[in-house]
Amino acid sequence: MSSTSGFVVHPSPDLSWGLRLYFTILNIVCDPCLHRDGTVNHRLLSLLDLIVPPSTKPVNGVTTSDTTVDPSRNLWFRLFLPREAAVAGENLPVIVYFHGGGFVFLPANSKSLDGYCRRFARELPAAIVSADYRLAPEHRCPSQYDDCFDVLKFIDENPALNSDLTRLFIAGDSAGGNIAHHVAARAREFKTGVGRRFCRRGRTETVPKSGDISGVKFPKCLVFIGGFDPLKDWQKRYSEGMKKMGKF
């Protein structure tokens with residue numbers, strides 16, 4: 001849509017009143033927690049964020065459990081299993097999920113993330129592994145890549161009940177999508193199950209610093225881009241680059 005002044009006017013997203021209210025409250029809550037020097041008041045955020053405990057009793061048809069990977073880093077993940085599939089003894093595909101939040105916000109047991117993963121587990125159905133990685137700015141990159149890769153290795157070495165690791169997928173949104181890319185790149189060099197599933201053939205060269213991975217064995221990707229995401233142009237460039245390198 002173009003205006004008479006020549007500028008392109010984009011329509012505003014058609015959001016329900018519930019989502020509009022949610023984002024308004026989110027802005028009100030987050031603004032006092034962000035400091036001008038780039039630091040974040042995580043203690044205040046933790047008081048404002050609704051935390052959901054794990055539940056062996058099905059909630060919306062899904063049970064949850066928390067598993068510690070490394071106590072020294074407080075590294076853990078939450079496993080979501082659809083109850084019906086578990087009772088039937090069905091082996092499910094596994095989705096290792098890394099949440100968004102600009103590397104700064106949200107734990108894996110946040111109410112919003114818990115409901116999000118619970119819906120995935122129920123509707124796909126699949127076993128969802130939601131990693132709780134260390135947050136910035138206290139823990140700088142690549143801490144998040146290290147944590148999430150270690151969760152992936154733990155899953156490979158300690159497969160959950162009702163899980164089929166031959167159907168394993170790595171997923172993430174926003175910052176989690178960035179983490180998913182780097183974890184998938186590292187998984188190529190992992191010599192046990194995960195590495196073989198991601199790279200059954202090919203060499204073990206490292207990912208070039210230039211970002212060119214055309215000669216690197218890398219799993220096929222699927223990218224969804226939000227139409228009103230302010231970073232969608234970056235995401236399109238990423239998708240186009242991956243497509244040119246044959247990774248779609």
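What counts as what
- Residues take numbers from 1 onward in each chain, read along the sequence in its written order.
- With pLDDT at 70 or above as the cut-off, local features in this predicted model cover only qualifying residues; side-chain atom pairs require 80 or more to be listed or tallied, and sums for whole chains, interfaces and linings still use all residues.
- As a convention, hydrogens and water are excluded, and side-chain values are obtained from all of the structure's heavy atoms.
- A carboxyl oxygen of Asp or Glu within 4 Å of a side-chain nitrogen of Lys or Arg is what we treat as a salt bridge.
- Counting from the N terminus, the helices are the DSSP runs of H or I reaching at least four residues and the strands are the DSSP runs of E reaching at least two.
- Between buried and exposed lies partly exposed: a residue is buried under 20% and exposed over 50% of the maximum accessible area for its type, with that area taken using a 1.4 Å probe on protein chains only.
- One less than the number of residues in a helix, times 1.5 Å, gives the span that helix is expected to have.

1. A few points about the pattern of salt bridges
Now for step 1: The tally for this structure, following the rule as stated, stands at 12 salt bridges.
Now for step 2: The salt bridge involving Asp-66 is made with Arg-78; its shortest N-O contact spans 2.7 Å. Placement of Asp-66 in strand E1 (residues 62-70) and of Arg-78 in strand E2 (residues 75-82) is noted, with a sequence separation of 12 residues between them.
Now for step 3: What makes Asp-66 partly exposed here is its relative accessible area of 35%.
Now for step 4: The salt bridge partner of Asp-150 is Lys-153, with a shortest N-O separation of 3.6 Å. In this pair, Asp-150 and Lys-153 both sit in helix H5 (residues 143-157), three residues apart, roughly one turn of the helix.
Now for step 5: Residue class for Asp-150 comes out buried when judged on its relative accessible area of 18%.
Now for step 6: Judged by relative accessible area, which is 25%, Lys-153 ranks as partly exposed.
Now for step 7: Among the charged side chains, a network of salt bridges with common partners joins Asp-70, Arg-73, Arg-134, Asp-147, Asp-150 and Lys-153.

2. Looking at helix H8 (residues 232-244)
Now for step 1: With 13 residues, H8 ought to run about 18 Å at 1.5 Å a step, and its terminal C-alpha atoms sit 18 Å apart, in line with that.
Now for step 2: Positive backbone phi, at 75°, marks Gly-246, one or two positions downstream of H8.

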